[in-house]
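The primary structure of each chain is shown beneath.
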Amino acid sequence: MIKGITFIRPVGSPADFNELVSFFAALGFEPGRGWDEPPQQPGAASRGRPFLAPLGNLEFVDGALPTLNTDLLVEVTAIDAVHHVAREWLAKRSGADTGKVGITSIEETHWKSRLFTVQPIAGFFVAFWEHQEALRGKAVALEGDLSAHEMSFAIVVARWNAVITDRLLQGALDALLRSGARREHIEIARVPGSWEIPGAARKLAESRRFDAIITLGCLIRGETAHYEAIYNEVARGIGQSQQDTGVPHAFGVLTCETLEQALDRAGLKSGNKGFEAAAAAIEMASLHRKIDAKPAEQRA
Ligand code: DLZ
């Protein structure tokens, strides 16, 4: 059974390696499981950092090829936002005005796409492209993207079980910043416990200043009297705020049997539910924008 496809790119020096890892992380690629081999003999250490994409393919072409200086093509959504992030990354590099690194403007291609190329380090080129028909090759459906560019978010985080909720908050911030949100467009509201989350979330949603609200808390059954009652009310209140205000609310309130289980879900073994809640918030905010932008006659 075919499982995946890997293209290996050797790099010339540890400094180039670090630059490329920084560049691909800044663009929001999901990091895979990397490796570091200690040296078997002097100077023979090696390391690898994979970057994952939701889809990959090996494509054979019979006909006109794009005139590019690279065979590394990354398909994206929201190419203008990707171009912006790449430009900002380059602007922080000291070599940016030496001509050894650089970025082209976004150009139309002969295959109904828009494309630009970047040289994040001397001699390494990567092209980013977006098909003009966003639905090409996909089921016909409206879908949100994972770009948080030019979006504002509020995070409501409970102080109760702070050892957990602080980790959820770090995960949520990581997801937002890596997806292109700016720190000054993220407001954090701290509340005493999960019980207080719905009230604060609603107030923030009613302010109409945010594309989405992210709610973070942690209820531990063994340590919480009336656990079911509190949990039901928190979930109901957050859902009701979402429905009444029309602003997407992501649900990141953990309900766990034990502290150990909560730690696992806050970044140890089972991912970070704060990161996942923020990703859901970005996707829903993007979907809302697309629904608002789509002319009525195309919605049928
Ligand atoms: C009171 C309480 C208890 C027992 N357990 C938790 C919990 O596990 N997680 C949580 O977020 N909050 C807890 N709280 C606090 C309530 O949510 C609320 O803050 C207080 O009852 C004050 O209204």
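Below: a short report on this structure. (Residues numbered from 1 in each chain as written. Predicted model: local features only at pLDDT ≥ 70, side-chain atom pairs only at ≥ 80, totals over all residues. Heavy atoms only, no water.)

1. Quick word on the site of the ligand
The environment of the ligand is formed by twelve residues, the closest being Trp-160, Ser-194, Glu-196, Cys-218 and Thr-224. The separation between an oxygen atom of the ligand and a polar side-chain atom of Asn-161 is 3.4 Å. Between the ligand and Trp-195 there is a distance of 3.0 Å, counted from an oxygen atom to a backbone nitrogen or oxygen. Relative to its unbound accessible area of 480 Å², the ligand is 74% covered by the protein chains. By residue class, the composition of the shell around the ligand is six nonpolar, four polar and two charged. (Near = heavy atom within 4 Å. Polar contact = N/O pair within 3.5 Å; in protein donor to acceptor, adjacent residues only side chain to side chain. Areas by Shrake-Rupley, 256 points an atom, 1.4 Å probe, with all protein chains shown as cover. Nonpolar A, V, L, I, M, F, W, Y, C, P; charged D, E, K, R; others polar.)

2. What about the nonpolar core?
Formed by 29 residues in total, the largest nonpolar core has its most connected members in Phe-153, Ile-155, Ile-164, Leu-176, Ile-214 and Leu-216. Broken down by secondary-structure element, the contributors of at least two residues to this core are strand E10 (153-158), helix H3 (162-178), strand E12 (212-220), strand E13 (249-256) and helix H7 (273-293). Among the elements that make up this core, the one with the highest residue count is H3 (seven residues). Beyond its immediate chain neighbours, meaning those up to four positions away, Leu-176 contacts Ala-148, Phe-153, Ile-155, Ala-181, Ile-186, Ile-214, Ala-278 and Ile-282. Within the second largest apolar cluster, 19 residues are counted, among which are Leu-20, Val-101, Phe-124 and Val-126. (Core = buried A, V, L, I, M, F, W, Y, C linked by side-chain atoms within 4.5 Å. Buried < 20%, exposed > 50% of the residue type's maximum accessible area, 1.4 Å probe, protein only. Helix = DSSP H or I, 4+ residues; strand = E, 2+ residues; numbered from the N terminus. Contact = heavy atoms within 4.5 Å.)

3. With respect to the sheet that holds E10
Ordered by their spatial adjacency, four strands build an open sheet running E11-E10-E12-E13, and the pairing between neighbours is parallel. At either end of the open sheet lies a strand with only one pairing partner, and these are strand E11 (186-191) and E13. Neighbour-to-neighbour, the strand axes of the sheet open up by a mean angle of 15°, direction not taken into account. Two strands pair when backbone bridges link them, and E10 and E12 are joined in this way by five bridges, in the parallel orientation. Within E12, the residue paired with Ala-154 across the bridge is Ile-213. (Pairing = 2+ DSSP bridges. Axes fitted to C-alpha atoms, helices over the stretch in contact; angles between N-to-C directions.)

4. Focus on the packing of helix H4 (residues 197-206) against helix H5 (residues 227-245)
In contact at an axis separation of 8 Å, H4 and H5 are set at 10° when each is read in the N-to-C sense. With respect to each other, H4 and H5 are oriented roughly parallel. Note on element contacts: H5 touches H4 through Glu-233, Val-234, Gly-237, Ile-238, Gln-240, Ser-241, Asp-244 and Thr-245, opposite Ile-197, Pro-198, Ala-201, Arg-202, Ala-205 and Glu-206. Of the residues belonging to the contact of H4 with H5, the class tally is six nonpolar, four polar and four charged. (Parallel < 35°, antiparallel > 145°, perpendicular 65-115°, else oblique.)

5. Digging into the side chain of Thr-215
Following the sequence through the fold, Thr-215 ends up in strand E12. Judged by relative accessible area, which is 0%, Thr-215 ranks as buried. A distance of 2.8 Å separates a polar atom in the side chain of Thr-215 from the backbone oxygen of Ala-250. Other than its neighbours up to four places away in sequence, Thr-215 contacts Val-156, Ile-197, Ala-201, Ile-238, Ala-250, Phe-251, Gly-252 and Val-253.

6. Points about the packing of H3 against H7
The axes of two packed helices give the description: the angle between them and the distance between them. Axis separation between H3 and H7 bottoms out at 6 Å; the angle between their running directions is 40°. Here H3 is positioned oblique relative to H7, judged by the angle of their axes. Crossing handedness for the pair H3 and H7: right-handed. Residues Leu-168, Gly-171, Ala-172, Asp-174, Ala-175, Leu-176 and Arg-178 of H3 lie in contact with H7, whose contacting residues are Lys-273, Gly-274, Phe-275, Ala-278, Ala-279 and Ile-282. (Left-handed = near helix turned anticlockwise from the far one by under 90°.)

7. A few points about a nonpolar patch on the surface
Together, Ile-5, Phe-7, Leu-58 and Phe-60 make up a nonpolar patch on the protein surface, roughly 490 Å² of accessible area in all. The exposure class assigned to Ile-5 is partly exposed, which follows from its relative accessible area of 43%. (Patch = residues over 30% accessible without salt bridge, like charges linked within 9 Å, V, L, I, M, F, W, Y side chains within 5 Å. Salt bridge = Lys/Arg side-chain N within 4 Å of Asp/Glu carboxyl O.)

8. A short note on H7
The terminal C-alpha atoms of H7, which comprises 21 residues, lie 30 Å apart, in line with the 30 Å expected from a rise of 1.5 Å per residue. Buried within H7 we find Gly-274, Ala-277, Ala-278, Ala-281, Ile-282, Ala-285, Ser-286 and Leu-287. On its buried side, H7 packs onto E10, H3, E12 and E13. The N-cap residue of H7 is Asn-272: its side-chain oxygen and the backbone nitrogen of Gly-274 are 2.7 Å apart. (Expected span 1.5 Å × (residues − 1).)

9. Regarding the packing of aromatic side chains
For the structure shown, the criterion picks out nine aromatic pairs. Ring centres of Phe-29 and Phe-51 lie 6.3 Å apart, and the angle between their planes is 80°; this geometry places the pair in the edge-to-face category. Placement of the pair is Phe-29 in the loop between helix H1 (14-26) and strand E1 (30-31) and Phe-51 in strand E4 (residues 51-52), with a sequence separation of 22 residues. Judged by relative accessible area, which is 14%, Phe-29 ranks as buried. A ring pair is formed by Phe-116 and Phe-128, whose centres lie 5.3 Å apart and whose planes are at 20°; its orientation type is stacked. Residue Phe-116 is found in strand E8 (residues 113-121), and its partner Phe-128 is found in strand E9 (residues 124-131); the two are separated by twelve residues along the sequence. Residues Phe-116 and Phe-128 agree in their burial class; the two are buried. These aromatic residues form a ring-pair network of at least three members: Phe-23, Phe-24, Phe-29, Phe-51, Trp-89 and Phe-124. (Phe/Tyr/Trp six-rings, centres within 6.5 Å; stacked < 30°, edge-to-face > 60°.)

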